[in-house]
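# Secondary and tertiary structure notes
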Amino acid sequence: MAIVALAGNPNSGKTTLFNALTGARQHVGNYPGITVDRKKGTYVKKGLSLEIEDLPGIYSLSAYSSEEVVAREFLTTQSPDGVVNVVDGSNLERNLYLTVQLLEMGLPMCIAINMMDVAETRGMDIDHKALSRLIGVPVVPVVARKGQGIDELMEVASGLSQSTQPPFRISYGSDLDQALDVMTSIIERNPSLAEAARPRWSALKYLEGDQVIKDSIAKESPKTDQELSSIALELERHLRTTLDTYPEAMIADQRYGYIKSILRQGVLVYRKDRDAPT
Ligand code: GDP
Ligand code: MG
């Protein structure tokens, strides 16, 4: 059975969606060795049958909390057939920070914009088609609490593994982009590295100072780690001298900037008439 993982920020409505999709067909357990809940269930409808995994809620794909470690492990090692990024539409800007990181992983992904009812009462007009066009993956508006849009969502999610997604890229500025390109090709040239499956994402993580990626590369190939490390150090030195910043901060800033620019291209408009009688 195809596996579909639900990934999103805490309180984006993942579990509500999971319950609406799976009803009583659920298994709840624990991930080995830690207290993070593991919820699996099946969605069955109209000849479609999918295994749904409700991943722990996370704000980013770093490895600072056990939730992040679990979600990341699942996404990188279980290679789900589809990832549904559940986004709280009433907090669109903040939620898209994780979206950008998931897109950078390059997994077959679609977005469920949840809480469309809340967004509506707050006078937010969300153009999901514009968002889809700008970021290159399908976007489905849903109201998980009422079960609205969830069958359309599963239809889209089930087709993800057969569709081709354009590679998602944002620019981090010329200095960082250049380092990123070189690091990506170094990782790519080492097919024995697990990171070679997601070379650009791994290079980005390396520049963010991600210890899990660094340790993993160092263990498999100390020479590769040395090459990457010297590029990262050189970039760090250069960014400190020229812009008084460092790679991790620059990456976060550019992601936020990208999200702002997306929202301003017609994706999010606040209605002026929201108090008008209907
Ligand atoms: P999770 O942390 O991502 O698993 O989020 P939950 O499923 O626990 O949902 C967080 C809160 O949002 C709960 O109080 C839900 O009832 C509520 N919620 C979930 N989906 C919707 C929705 O579409 N509309 C509204 N108004 N509330 C929702
Ligand atoms: Mg939950």
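Cut-offs and rules
Residues numbered from 1 in each chain as written. Chains lettered and ligands numbered in written order. Predicted model: local features only at pLDDT ≥ 70, side-chain atom pairs only at ≥ 80, totals over all residues. Heavy atoms only, no water. 1 Å grid on protein atoms, 1.4 Å probe; cavity = no way out; pocket = protein on both sides within 12 Å on 5 of 7 lines; lining within 4 Å. Points joined across faces, edges and corners; volume = space filled by probe spheres on them. Helix = DSSP H or I, 4+ residues; strand = E, 2+ residues; numbered from the N terminus. Nonpolar A, V, L, I, M, F, W, Y, C, P; charged D, E, K, R; others polar. Core = buried A, V, L, I, M, F, W, Y, C linked by side-chain atoms within 4.5 Å. Buried < 20%, exposed > 50% of the residue type's maximum accessible area, 1.4 Å probe, protein only. Lys, Arg positive; Asp, Glu negative; His and termini not counted. Salt bridge = Lys/Arg side-chain N within 4 Å of Asp/Glu carboxyl O. Contact = heavy atoms within 4.5 Å. Axes fitted to C-alpha atoms, helices over the stretch in contact; angles between N-to-C directions. Parallel < 35°, antiparallel > 145°, perpendicular 65-115°, else oblique. Left-handed = near helix turned anticlockwise from the far one by under 90°.

## Concerning the layout of surface pockets
A volume near 360 Å³ is recorded for the largest pocket. Taken together, 21 residues form the lining of the largest pocket, with Glu 104, Met 105, Gly 106, Pro 167 and Phe 168 sitting closest to its centre. Counting only elements with at least two residues in the lining of the largest pocket, the list comes to helix H3 (92-105), helix H7 (174-188) and helix H8 (199-207). When residues of the lining of the largest pocket are assigned to their parent elements, the largest contribution, four residues, is made by H8. Classifying every residue of the lining of the largest pocket gives 12 nonpolar, four polar and five charged. By volume, the second largest pocket is sized at about 250 Å³. Lining the second largest pocket are 13 residues, and of these Arg 72, Glu 73, Thr 76, Glu 195 and Val 212 sit closest to its centre. Within the residue set of the lining of the second largest pocket, elements represented by two or more residues are helix H2 (66-77) and helix H9 (211-220). If one sorts the elements of the lining of the second largest pocket by residue count, H2 sits on top with five residues. Across the lining of the second largest pocket, the residue classes break down as six nonpolar, three polar and four charged.

## Remarks on the nonpolar core
In this structure, Ile 135 and Leu 176 are the most contacted members of the largest nonpolar core, which totals 66 residues. Among the nonpolar cores identified, the runner-up in size contains 21 residues, and Leu 17, Tyr 43, Ile 52 and Ile 150 belong to it.

## Concerning the side chain of Lys 39
As for its placement among the helices and strands, Lys 39 is situated in strand E3 (residues 37-45). Buried and without a salt bridge, Lys 39 has Asp 54 as its closest oppositely charged side chain, separated by 4.9 Å. Among residues more than four places away in sequence, those in contact with Lys 39 are Thr 15, Phe 18, His 27, Val 28, Ile 52, Glu 53 and Asp 54.

## Details of the packing of H8 against H9
Relative orientation of the contacting elements H8 and H9 amounts to 110°, with a least axis distance of 8 Å. By the angle between their directions, the pair H8 and H9 is classed as roughly perpendicular. In the packing of H8 onto H9, the handedness of the crossing is left-handed. Residues Trp 201, Ser 202, Lys 205 and Tyr 206 of H8 touch H9, and the partners they reach there are Ile 213, Lys 214 and Ile 217. Here the residues of the contact of H8 with H9 sort into four nonpolar, one polar and two charged.

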